[in-house]
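A structural walkthrough
Below are the chains, spelled out letter by letter.
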Amino acid sequence: MDKVTLQRIEKLHPLVREEVKQIIKDCDEALAGKAKVRVTQGLRSFEEQEKLYAIGRITLGKKVTNAKAGQSIHNYGLAVDICMMIDGKTASWDTAKDWDNDKVADWYECVKIFAKYGWEWGGNWKTFKDLPHFEKKEILTEKRIIKTSWRKLIKMKRDKEDYVVF
């Protein structure tokens, strides 16, 4: 796991940090080739979210999100976007490439691993497919399982570090 990925994981919600480290480790082991997973985005501030939402609406470019500030699971540290780093140098979002020649696209090997841990893939969405995106839909606490949605998360209390309290 590269330094950039570790830094981004450390900013995620404390309840998912270790799980994401394990997912990335499992992905990297499964890929067994020159591709390794990099987390390109994790926790995103409301301000960053508003800037992304403005693209294609207020600023030039193609729309990259339909989520306003507070409406993205990234805003709560419960989502990651990934890419494949090829030979540690080149970022790739190619979902069809099979760098380890095991007859399964590397991207889909990772999709399967994220799913095993209960993460939803943006590539499965009906509209506005987001292939690099994975989000945690259920949080297991000591007392219960909490289904996440931005509508619930935006109303929840925050701790001193600004993470939602489950």
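Residues numbered from 1 in each chain as written. Predicted model: local features only at pLDDT ≥ 70, side-chain atom pairs only at ≥ 80, totals over all residues. Heavy atoms only, no water.

Turning next to the UniProt feature "domain: Peptidase M15C" (unreviewed entry) in the chain. Feature annotation in UniProt places "domain: Peptidase M15C" (unreviewed entry) on residues 66-136, given in this structure's numbering. End C-alpha atoms of residues 66-136 are separated by 18 Å, and the span's content is 15% helix alongside 25% strand. (UniProt positions renumbered as here; feature names shortened; annotations may be inferred. Helix = DSSP H or I, 4+ residues; strand = E, 2+ residues; numbered from the N terminus.)

Turning next to the nonpolar core. One finds Val80, Met84 and Phe114 to be the most contacted residues of the largest nonpolar core, which totals 31 residues. Among the secondary structure elements, those contributing two or more residues to this core are helix H2 (17-31), strand E1 (35-41), strand E2 (79-86), helix H4 (106-116) and strand E4 (119-121). Residues within four places of Phe114 in sequence aside, it is in contact with Ile23, Ile24, Cys27, Val80, Ile82, Trp119 and Phe134. (Core = buried A, V, L, I, M, F, W, Y, C linked by side-chain atoms within 4.5 Å. Buried < 20%, exposed > 50% of the residue type's maximum accessible area, 1.4 Å probe, protein only. Contact = heavy atoms within 4.5 Å.)

Turning our eyes to something else, we now look at the side chain of Thr65. Mapping Thr65 onto the fold places it in the loop between helix H3 (46-54) and E2. Of the polar contacts made by the side chain of Thr65, one reaches the backbone nitrogen of Ala67; its length is 3.0 Å. Setting aside its immediate chain neighbours within four residues, Thr65 contacts Gln49, Leu52, Tyr53, Arg57 and Phe128. (Polar contact = N/O pair within 3.5 Å; in protein donor to acceptor, adjacent residues only side chain to side chain.)

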